[in-house]
Amino acid sequence: QWGKSMPAGFAQGVGVHMESRSFSACIVELDGRDPDNAKVTKVTLVIDVGKPISPSGIEQQCLGGIAEAVSLVLNAGLTIKDGLPQETSYNQYRFAKMRDFPKDVQILIMPNVGDPVAGMGEVAMSAPSGAIANAYRRATGRKPRNFPLNARPVYTPTPPGQLPPPATQTA
């Protein structure tokens, strides 16, 4: 249903990628009604790895690539403010959780037509990344220039040479 009419604030985006003799194409649907909290709602990913040896493994690799794309384009990243990193540990790195992952995902693995085995690598992450950024542009009217698009500082860092404020206890 590429190009279908969508309500205001929603859009589709497309991305394609080739790596290690593998090809991928992806269409995503994105809810961008709140541009600072955009959410991918649907993903269709088509992948051609030449001769697919383990379709289940390919599908799992594709799911991981989609999760990585959602994370890096929308939520996860290292943000710097006044020369200080805003994230200091992995628990503050906003990698996609189940609530961030689209509920409607379809992965289509192209059948073998006599080609040799090709690689997987990042081929399942790059096409969805481009598709998410393109859908964001169409849904919000904002050109993606900095990633992650839903970036929010997780805490206020203590400048060098100063002590952090005392911890507060909660009952």
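Since the model is a prediction, treat every value here as computed from it, not as a measurement. (Residues numbered from 1 in each chain as written. Predicted model: local features only at pLDDT ≥ 70, side-chain atom pairs only at ≥ 80, totals over all residues. Heavy atoms only, no water.)

## Topic: the side chain of Asp100
Summarising the element assignment, Asp100 is placed in the loop between strand 5 (84–85) and strand 6 (104–109). No salt bridge is formed by the buried Asp100. Its closest oppositely charged neighbour is Arg99, at 4.4 Å. Beyond its immediate stretch of four places on either side in the chain, Asp100 contacts Lys39, Val70, Asn75 and Phe95. (Helix = DSSP H or I, 4+ residues; strand = E, 2+ residues; numbered from the N terminus. Buried < 20%, exposed > 50% of the residue type's maximum accessible area, 1.4 Å probe, protein only. Lys, Arg positive; Asp, Glu negative; His and termini not counted. Salt bridge = Lys/Arg side-chain N within 4 Å of Asp/Glu carboxyl O. Contact = heavy atoms within 4.5 Å.)

## Regarding the sheet that holds strand 2 (residues 22–31)
Two pairing modes exist for strands in a sheet, parallel and antiparallel, and in both the strands are linked by backbone hydrogen bonds. Spatial ordering of the open sheet is given by 1-2-3-6, a layout of four strands whose pairing is mixed. Across the chains shown, the open sheet's two edge strands, defined by having one partner strand only, are strand 1 (10–19) and strand 6. On average, each strand axis in the sheet is inclined to that of its neighbour by 10°, with strand direction left out of account. The sheet strands contacting helix 1 (residues 55–75) are strand 3 (39–48) and strand 6, and the helix crosses strand 6 at an angle near 130°. In the packing of helix 2 (residues 123–140) onto the sheet, the strands contacted are strand 1, strand 2 and strand 3, and the crossing angle to strand 1 comes to about 150°. (Pairing = 2+ DSSP bridges. Axes fitted to C-alpha atoms, helices over the stretch in contact; angles between N-to-C directions.)

## Notes on a nonpolar patch on the surface
Among the surface-exposed residues, Trp2, Val14 and Val16 lie close enough to one another that they form a single nonpolar patch of about 300 Å² accessible area. With respect to the helices, strands and loops of the structure, Trp2 is situated in the segment before strand 1. Since its relative accessible area comes to 45%, Trp2 is described here as partly exposed. (Patch = residues over 30% accessible without salt bridge, like charges linked within 9 Å, V, L, I, M, F, W, Y side chains within 5 Å. Areas by Shrake-Rupley, 256 points an atom, 1.4 Å probe, with all protein chains shown as cover.)

## Some thoughts on the environment of Gly161
Within the secondary structure layout, Gly161 lies in the segment after helix 2. Taking C-alpha positions, Gly161 is 52 Å from Arg21, a pair spaced 140 residues apart along the chain.

## Some thoughts on the side chain of Ser71
As for its position among the elements, Ser71 is in helix 1. Classification of Ser71 as buried rests on a relative accessible area of 0%. Separated by 2.8 Å, the side chain of Ser71 and the backbone oxygen of Ala67 make a polar contact. Filtering out sequence-adjacent residues up to four positions away, Ser71 remains in contact with Ala76, Phe95 and Ala96. (Polar contact = N/O pair within 3.5 Å; in protein donor to acceptor, adjacent residues only side chain to side chain.)

## Focus on a positive patch on the surface
A cluster of basic residues, Lys39, Lys97, Arg99 and Lys103, forms a positive patch on the protein surface. Tracing the sequence through the fold places Arg99 in the loop between strand 5 and strand 6. (Charge placed at Lys NZ, Arg CZ, Asp CG, Glu CD.)

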